Amino acid sequence: EAFEGARGAYRELGDAAGLARVCHHIGRLQRSLGDLAEALGELRQALFVRPKPRGCIFCAAKRSAADRRNHVVARGRTVFAILNLYPYNNGHLMVAPYRHVGRFEALSDAEWLEMLRLGRTLMGRLRARLRPHGFNIGTNLGKIAGAGIPGHLHLHVVPRWNGDTNFMPILG
């Protein structure tokens, strides 16, 4: 309705009153678009935004037998892999030790080696299924470095494609 009013007033721009009507209808249109954006934001919140879980998601997932519900995609002897609920890209995985440890130097050699091996295995599966053009592999150690869960070290495995857009290329 506001759009039709603005379009009709635009046709009558020949005088100052016509310009005033255009401005009036443009204002109504902006308010309508603002209302629509607010409604879409509320819908997005209701459908897609989950409250962040309290506690360590890795420790919760390692204790649960409900791998599918917890997005666990692989388990090893000392580490496991989980899909990221807030992914940088499709297929974004995290490989974490079962132990709640936040520093590399606290990992055992067996945990570190198995993290790398499981990450490599999952990269092969992602490459076969998603056909990415590359990968970002890394970890954020400490809150200041961007770790969302600073107390439980984890290795990110992020598939990348030509033309994908997010902040990872800037950080890489």
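As a starting point, this report considers the structure included with it. Per chain, the residues get numbers from 1 upward, laid out in the order the sequence is written. Per-residue local features of the predicted model are confined to residues with pLDDT of at least 70, and side-chain atom pairs are confined, for both listing and counting, to 80 or more; whole-chain, interface and lining totals are unaffected and use all residues. Computation of side-chain values covers all heavy atoms of the structure but excludes hydrogens and water.

**Structural notes on the pairing of strand S3 (residues 93-97)**
- Burial analysis of S3 places 5 of its 5 residues in the buried class, which makes it a mostly covered element.
- Exposure classes here rest on a 1.4 Å probe applied to the protein chains alone. A residue is buried below 20% of its type maximum, exposed above 50%, and partly exposed in between. Secondary structure elements follow DSSP: runs of H or I of four or more residues count as helices, runs of E of two or more count as strands, with numbering from the N terminus. Neither face of S3 is open: one carries Leu93, Val95 and Pro97, the other Met94 and Ala96, and all of them are buried.
- Here 5 bridges tie strand S2 (residues 79-83) to S3, and the two strands are oriented antiparallel to one another. Note on S3: the bridge partner recorded for Leu83 is Leu93.
- Inspection of the sheet shows S3 paired to strand S5 (residues 155-160) by 3 bridges, in the antiparallel sense. Across the sheet, the residue bridging to Leu93 is Val157, located in S5. The pairing criterion is simple: DSSP has to find at least two bridges between the two strands.

**Considering the pattern of salt bridges**
- By salt bridge we mean one thing: a side-chain nitrogen of Lys or Arg within 4 Å of a carboxyl oxygen of Asp or Glu. In this structure the tally under the stated criterion is 4 salt bridges.
- Among the salt bridges present, the one from Glu111 reaches Arg99, with a minimum N-O distance of 2.7 Å. With Glu111 in helix H4 (residues 109-130) and Arg99 in the loop between S3 and H4, the pair connects residues that are 12 residues apart, well separated along the chain.
- The buried category is assigned to Glu111, whose relative accessible area is 4%.

**Brief notes about the pairing of S5**
- A large share of S5 lies buried, amounting to 6 of its 6 residues.
- Alternating residues of S5 divide into Leu155, Val157 and Pro159 and His156, Val158 and Arg160, and every residue in both groups is buried.
- Here 5 bridges tie strand S4 (residues 134-138) to S5, and the two strands are oriented antiparallel to one another. Across the sheet, residue Gly138 finds its bridge partner in S5, namely His156.

**Quick word on the side chain of Asn70**
- Take Asn70: it is sitting in the loop between helix H3 (57-63) and strand S1 (72-75).
- Nitrogen and oxygen atoms within 3.5 Å of one another constitute a polar contact, given that in protein one can donate a hydrogen and the other can accept it, and given that sequence-neighbouring residues count only through two side-chain atoms. A polar contact is formed between the side chain of Asn70 and the backbone oxygen of Ala66, at a distance of 3.0 Å.
- For this analysis, residues touch if any pair of their heavy atoms sits within 4.5 Å. Ignoring sequence-local partners within four residues, the contact set of Asn70 consists of Ala61, Ser64 and Ile82.

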